[in-house]
Amino acid sequence: MRFPQGVGIRFWKGCVMSLKFRLQWIADERYESAYAFDVNNDGMPDIVSGAWWYEGPDFVKKHPVGEVKAFGEYYDDFSTLPLDVNGDGRMDFITGGWWGNTLRWRENPGDPAKPWPEHVIAEVGNIETTRAWDVDGDGVPEVVPNCPNGPLLLFKLNCDAAGRGAGGFTAHRVFDGKQGHGLGFGDISGSGRGDFVLRHGWLEAPEDRYNGRWTWHPEFDLGSASVPILVADVNGDGLNELIVGAAHGYGLSWWQQRPAANGTRVWTPHPIDPFNSQYHDMHWVDLDGDGAPELVTGKRYRAHNDNDPGSFDDYGISCFKWTGESFARIPLIHGRVRETKGLGIFSQVVDLNGDGRPDILAPGKDGLAILWNVTEIDRSPAKH
């Protein structure tokens, strides 16, 4: 297996350090979504993916979640969003898929031998994937499915007087037009409120997120964009930029925001990696411990069953480090099929063993795996 054990660069003054990762295969399952959370309330994260959950800390013993419907090579399971929906103190999760046309939550039964009952939240049409963001700032995330052929809806968890989940959701319509492929959330306007980013433009948040009018700004066309579209101040100029993957083609880029004289914005795309394809899921996280976030992403293996450009290329997972002028690509694992690992449609970067280093939980049609972060992090104040 071609697996680079020391290929990264940390950009500290007078200090260059390698990023090192160790690969652990968890299962040969083809589910494209996975997330780590404490299923059995033992204080340790477990991994939930598709029809199974894997007990931490070694993730060897597996327990049933329940049947997930298959449609050809796909499963109708394109997210694993943890949320205690019914307020019973056990973490449930939210999912949905392209074929079932429904947003659903699966109820944690509290017994590892029992399947998780499935409950329909709403019929919303084809779901590319689902994300959760705290849209209204109350500390509880709202659920937002990316439905390319439908309007933008967000679902707010109904809570009791004590703030616990009451087992249901209230739907709020944000945008009546078709969303298109791609969805992001972050402060574009500088108001301190989170705005939504779609393929053809962005929606400016009103003060009252549920009763006010979201203002549509059709300022760009991002193509068949990633989910998420990341919103971040890449170059440190005080304005948030967009980081966008070509989910079903070649390309990865960042779009620089500049104010225009008429009160709008001009968006200038800059390439990050035009040579690899199917960047569908991505993360903006401090991978190397230097205090600055990096872009972590990878190819979604067989996203459209080998019908996307670049389907037969070598692939893997990479970290992209901002140098002050552009992004430098740091391959974490790269190679041919069965020698490497990609990301599915819903992955996670999270510290799975409590050592302070973010690890990469990577589902996909090429299997479920963890890239353990074994980077030697020098925390000496003199090096910072």
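Here, every reference points to the structure presented above.
Let us look at the structure shown here.

Cut-offs applied
Numbers given for residues are sequential positions, taken from 1 along each chain in its written order. At least 70 in pLDDT is required for a residue's local features to be given in this predicted model, at least 80 for side-chain atom pairs to be given and counted, and no such filter applies to totals for whole chains, interfaces and linings, which use all residues. Side-chain descriptors were evaluated using all non-hydrogen atoms of the structure, hydrogens and water having been removed beforehand. Buried residues of nine kinds, namely Ala, Val, Leu, Ile, Met, Phe, Trp, Tyr and Cys, make up a nonpolar core once their side-chain atoms join them within 4.5 Å. A 1.4 Å probe rolled over the protein chains alone gives each residue an accessible area, and that area as a share of the maximum for its type sets the label: buried under 20%, exposed over 50%, partly exposed in between. Counting from the N terminus, the helices are the DSSP runs of H or I reaching at least four residues and the strands are the DSSP runs of E reaching at least two. Whether two residues are in contact is decided by their heavy atoms: any pair within 4.5 Å suffices. Should DSSP find at least two bridges between two strands, the strands are taken to pair. Axes here mean lines fitted to C-alpha atoms, for a helix over just the part in contact, with angles spanning 0 to 180 degrees between N-to-C directions. The term salt bridge refers to a side-chain nitrogen of Lys or Arg lying within 4 Å of a carboxyl oxygen of Asp or Glu.

### Focus on the nonpolar core
- With 20 residues, the main nonpolar core has I94, L103, I121, V124, F155 and F169 as its most contacted residues.
- Mapped by element, the contributors of at least two residues to this core are β8 (81–83), β10 (102–106), β11 (118–123) and β14 (152–159).
- The leading source of residues in this core is β14, at three residues.
- Setting aside anything within four residues of it in sequence, one finds V124 in contact with N101, T102, L103, C147, L153 and F155.
- One finds V296, L343, A362 and A369 within the second-largest nonpolar core, a separate group that totals 17 residues.

### Details of the sheet that holds strand β1 (residues 21–27)
- Read from one edge to the other, the open sheet built from four strands follows the order β1-β30-β29-β28, with strand pairing classed as antiparallel. Each end of this open sheet is capped by a strand with a single partner; those strands are β1 and β28 (348–350). Ignoring strand direction, the axes of neighbouring strands in this sheet form an average angle of 20°.
- When β28 meets strand β29 (residues 359–362), the two strands line up antiparallel, connected through three bridges. Within β29, the residue paired with V349 across the bridge is I360.

### Digging into the pattern of salt bridges
- In total, this model carries 22 salt bridges according to the counting rule given.
- In this structure, K321 engages D290 in a salt bridge whose closest nitrogen and oxygen atoms are separated by 2.4 Å. Here the residue K321 occupies a position in strand β26 (residues 315–322), and D290 occupies one in the loop between β24 (279–285) and β25 (294–299), the gap between them amounting to 31 residues. By the burial criterion, K321 is buried, and D290 matches it.
- Three or more residues joined by partner-sharing salt bridges are found here, namely D76, R104, R106 and E118.

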